[in-house]
Amino acid sequence: MIAETVRHHVAEPETPEAALIPAQASPVRPRLMFVAAGANPDAPEATSLLPGPTPVKPRSCFIRPASRLAGGVLLLLLLFSTRGRADPSDAPSEARGIWVHLTHFNADPVQGKAEVEAFVDRYAEANFNLVLPWVLSEYMAALTDPSYLDSQPTAKWDALGALVHSARQHHLQVHFWYSFTYYKSPRSPEFNPEHGGNPAWAARRVLPAKTPGQPPVVSAPMTDVCPMHPEARAWQIKLLEAMLERYPGISIHIEEPGFGYPGSCVCDLCQSLFRKIYGTDLVESIHTPQAEDFRCLGTTELIRELRAKLASRTPRPCLSVNGGPLWRSDRQLGRDWKRWADLGWLDYYAAQNYTDDPDRFTQLTRGVLQDLQPCPVFVGIGVKWSGGATPLPTVLQEIEQARKLGASGVVLFSATALTAEDLARLKAGPFRQPSLYPEARR
Ligand SMILES: [Zn+2]
C-alpha cells in the first residue's frame, strides 16, 4: 500500500495541536499582552484572519483598552522580559511540534502531573512551540465512565487537562491528535450503546482469498468506524466538540483520516450504496478506481462537517490532518487530504516523511510541498517509528532541509524517542533561536 514512510501501530499511532497561534504565540509577549489589556490569560487564544505564515506584531486590540499608564507599564514589562533573550521576531516563523502519547506519563496522579510539567518545560526550553497529544475516544469515555480507566489510567487525573494547562503557561500550541476512523477496538465507545454508539458502524474489510479461485473473505475486526453512516459522523463530531468545550483553546489534528487497512469498507450500508451508484458489487470491485472514489465519500463528508462546526466557533480552532507523503497512495485508504487542502479546508497538512535517507527525505518533501501548495505543510520527521529510526545528526539535517525547501514547520515523532541530550542538541542546532508559531491560514 503506502510507501515505506507510512506506519501502522494499532494502540498508538505514529503521527502526530495548533490553533495556529497568531502572533501572540511568542514565548514572551502574549501573556504580557493579555495581562496588560486586562484580559483573561486562560481564555482561548484569539485567531487571526490573516493568511500565510507571516509573523506579525501583537494585535493592537489587546493594547487598546490599556490606559497610557498601562501602556508605559507594558513597555517596561516588555523590555524587562526580553532582556538577555533572543528576540523571537528575528527567528523564522515555523511550527516545531512533538507528537506524544499519554502513556508517556505515569498513571499515578502525583508522579504523572510532575512528569507532565517537566515534559512541557523541557520542550519549551528547547524552543518547541507545538504539542500534539494522542487522544483516544476511550480516554474521553474514561473521564466519566470508570470502566474505561483500565485502558486509560491517566484519565483518572486528566493528563490531557494538565498538559493543556501547562502548555498554555509556556505558550505552546496544543493540537489534539485524534483518529475518527482508525485505532478502535470492540470496546470503543463508538460501538457501545451505553455511550450512544452502535456496533453496526464498524467497518468491514475484504481480505484476499486464502486459496486461488476461492471467494474473498469479509472480516469485521472492529478496528475502524465507517464514516459513511451519518450517525457515526455525528457521534464523532459530538465527541470532538466535547473536547473543545472541556479544553478551551485547543485545535484538532486528525490522524490518517481514512481506513487503517486496504479493502475497507464493505459494511451493509456501503454495499447497498455502492450498488445503487455503480450498479455492481462492492466486494468484487473493492480494488477499482470506483471503490477508491467511493471510500473517500464518508471521510470527506466528516472533514467537511467538522470544518463547518469549527468555523462556527469563536475563535475558530484550526483543523489539520496527517498522513503519508504520497496522496495517490493515501487516497486508496479514503485519505483524500490533497483534495481537502485544495478546497482550503485544512490549516496545515503534516506529512510523515519518515526516512533516514537524506536524499529520499528531500525527494518526499519537495513532492508534498509541490502537491499541496499553497496549503502549509509541516514535515513529520521520524526519530523512531515502527519502520525504523533516524540518527539524530540526520534529524538535525532534515529539519534544516525542510526549512530550506519551504516547509511551514516540522513535527518530530515522537517524545518517547527523544532524550534530554537530543533536546539539548536540537536547541544548540536548528532550534537555536525561538520561533513564532505560524500565522493561521484562513
Ligand atoms: Zn461502510
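Relevant structure appears above.
Note that the structure is predicted; figures quoted are calculated from it, not measured.

Calculation notes
- Residues numbered from 1 in each chain as written.
- Predicted model: local features only at pLDDT ≥ 70, side-chain atom pairs only at ≥ 80, totals over all residues.
- Helix = DSSP H or I, 4+ residues; strand = E, 2+ residues; numbered from the N terminus.
- Buried ≥ 20, exposed ≤ 12 C-beta atoms within 10 Å, placed from the backbone.
- Core = buried A, V, L, I, M, F, W, Y, C linked by C-beta atoms within 7 Å.
- Contact = placed C-beta atoms within 7 Å.
- Pairing = 2+ DSSP bridges.
- Expected span 1.5 Å × (residues − 1).
- Arc of directions from axis to C-beta.
- Axes fitted to C-alpha atoms, helices over the stretch in contact; angles between N-to-C directions.
- Left-handed = near helix turned anticlockwise from the far one by under 90°.
- Nonpolar A, V, L, I, M, F, W, Y, C, P; charged D, E, K, R; others polar.
- Right-handed = clockwise from strand over helix to strand, strands pointing away.
- Parallel < 35°, antiparallel > 145°, perpendicular 65-115°, else oblique.

**Re the overall build of the chain**
Okay, so step 1: When its secondary structure is counted, the chain shows 13 helices and 12 strands.
Okay, so step 2: When each of the 442 residues of the chain is scored for burial, the buried share is 50%.

**Considerations on the nonpolar core**
Okay, so step 1: By size, the foremost hydrophobic cluster in this structure holds 104 residues, and its most contacted members are Ile98, Val131, Leu163, Cys226, Leu346, Tyr349 and Val377.
Okay, so step 2: Sequence-distant contacts of Val377, defined by excluding residues within four places in its chain, comprise Tyr348, Tyr349, Ala351, Val368, Leu369, Leu372, Ala407 and Ser408.

**Some points on the pairing of strand β7 (residues 319-323)**
Okay, so step 1: Of all 5 residues in β7, 5 are buried, a share of seventy percent or more.
Okay, so step 2: Judged by which residues are buried, β7 turns out to be covered on both faces: Leu319, Val321 and Gly323 on one side and Ser320 and Asn322 on the other are all buried.
Okay, so step 3: Pairing analysis gives 3 bridges linking strand β6 (residues 251-254) to β7, with the strands arranged parallel. Directly across from Ile254, in β7, lies its bridge partner Val321.
Okay, so step 4: Examined bridge by bridge, β7 and strand β8 (residues 348-352) share 4 bridges and lie parallel to one another. Looking at β8, one finds that Asn322 is bridged to Ala350.

**As for helix α3 (residues 109-125)**
Okay, so step 1: For α3, built from 17 residues, the straight-helix expectation of 24 Å at 1.5 Å per residue is met to within 8% by its first-to-last C-alpha distance of 24 Å.
Okay, so step 2: Three or more residues of α3 are buried, namely Gly112, Lys113, Val116, Phe119, Val120 and Tyr123. The buried residues of α3 occupy one face: seen down the axis, they fall within an arc of 120°. Opposite the buried face of α3, at more than 90 degrees from it, the exposed residues are Val110, Gln111, Ala118 and Glu125.
Okay, so step 3: Where α3 is buried, its residues meet β1 (95-100), β2 (130-135) and α5 (159-169).
Okay, so step 4: Immediately downstream of α3, the backbone of Asn127 shows phi near 70°, a positive value.

**Details of the packing of α3 against α5**
Okay, so step 1: Look at α3 against α5: their axes get within 9 Å of each other, and the N-to-C directions meet at 35°. Our pair here, α3 against α5, has a crossing hand that is right-handed. Between α3 and α5, the contacting residues are Gly112, Lys113, Val116, Glu117 and Val120 on the first element and Ala159, Ala162, Leu163, Ser166 and Ala167 on the second.
Okay, so step 2: Residues that form the contact of α3 with α5 fall into these classes: 6 nonpolar, 2 polar and 2 charged.

**Quick look at the environment of Cys270**
Okay, so step 1: Looking at where Cys270 falls in the secondary structure, it is placed in helix α7 (residues 268-278).
Okay, so step 2: According to the C-beta neighbour criterion, Cys270 is buried, with 23 such atoms within 10 Å.
Okay, so step 3: Linking Cys270 and Pro227, residues 43 residues apart in sequence, is a C-alpha distance of 9.9 Å.
Okay, so step 4: Not counting residues up to four positions away in its chain, the partners in contact with Cys270 are Cys226, Met228, Cys265 and Leu282.

**Observations concerning the pairing of β1**
Okay, so step 1: For β1, a buried count of 6 out of 6 residues is recorded, marking the element as mostly surrounded by other parts of the structure.
Okay, so step 2: On β1, burial covers both faces: Ala95, Gly97 and Trp99 on one face and Arg96, Ile98 and Val100 on the other are all buried.
Okay, so step 3: Pairing of β1 with strand β12 (residues 409-413) involves 5 bridges; the strand directions are parallel. When the bridges of β12 are listed, Trp99 appears paired with Phe413.
Okay, so step 4: Where β1 and β2 come together, 4 bridges link them in parallel fashion. What sits directly across from Val100, in β2, is Pro133.
Okay, so step 5: With α3 bridging β1 and its parallel neighbour β2, the resulting β-α-β unit is right-handed.

**Some points on the sheet that holds β1**
Okay, so step 1: Sheet architecture is closed into a barrel: 8 strands sit in the order β1-β2-β3-β6-β7-β8-β9-β12, paired in parallel fashion. The mean inter-strand angle of the sheet, taken between neighbouring strand axes irrespective of direction, is 25°.
Okay, so step 2: Set on the sheet, helix α12 (residues 392-405) makes contact with β9 (377-382) and β12; between it and β9 the angle comes to about 170°.

**Side note on the packing of helix α11 (residues 358-372) against α12**
Okay, so step 1: Two elements in contact, α11 and α12, have axes separated by 10 Å at closest approach and are oriented at 30°. As the angle between them shows, α11 and α12 are arranged roughly parallel. Crossing of α11 over α12 shows right-handed handedness. Facing α11, whose interface residues are Pro358, Phe361, Thr362, Thr365, Arg366 and Leu369, α12 presents Thr394, Gln397, Glu398, Gln401, Ala402 and Leu405.
Okay, so step 2: Here the residues of the contact of α11 with α12 sort into 5 nonpolar, 5 polar and 2 charged.

**A short note on the environment of Val116**
Okay, so step 1: Note that Val116 resides in helix α3.
Okay, so step 2: Judged by the 27 C-beta atoms lying within 10 Å of it, Val116 falls in the buried class.
Okay, so step 3: With 10 residues separating them in the primary sequence, Val116 and Asn106 have C-alpha atoms 9.0 Å apart.
Okay, so step 4: Discounting residues that sit within four places of it in the chain, Val116 has contacts with Phe105, Ala159, Ala162, Leu163 and Ser166.

**Some points on the environment of Arg275**
Okay, so step 1: By the secondary structure assignment, Arg275 is in helix α7.
Okay, so step 2: If sequence neighbours within four positions are ignored, Arg275 has contacts with Thr280 and Asp281.

**Quick word on unusual backbone geometry**
Okay, so step 1: Residue Pro374 follows Gln373 across a cis peptide bond; omega there is 10°.
Okay, so step 2: In this fold, Pro374 is placed in the loop between α11 and β9.
Okay, so step 3: Look at the link from Phe413 to Ser414: it is a cis peptide, with omega at -10°.
Okay, so step 4: Phi is positive for Glu256, which is not a glycine, with a value near 25°.
Okay, so step 5: If you trace the backbone, Glu256 turns up in the loop between β6 and α7.

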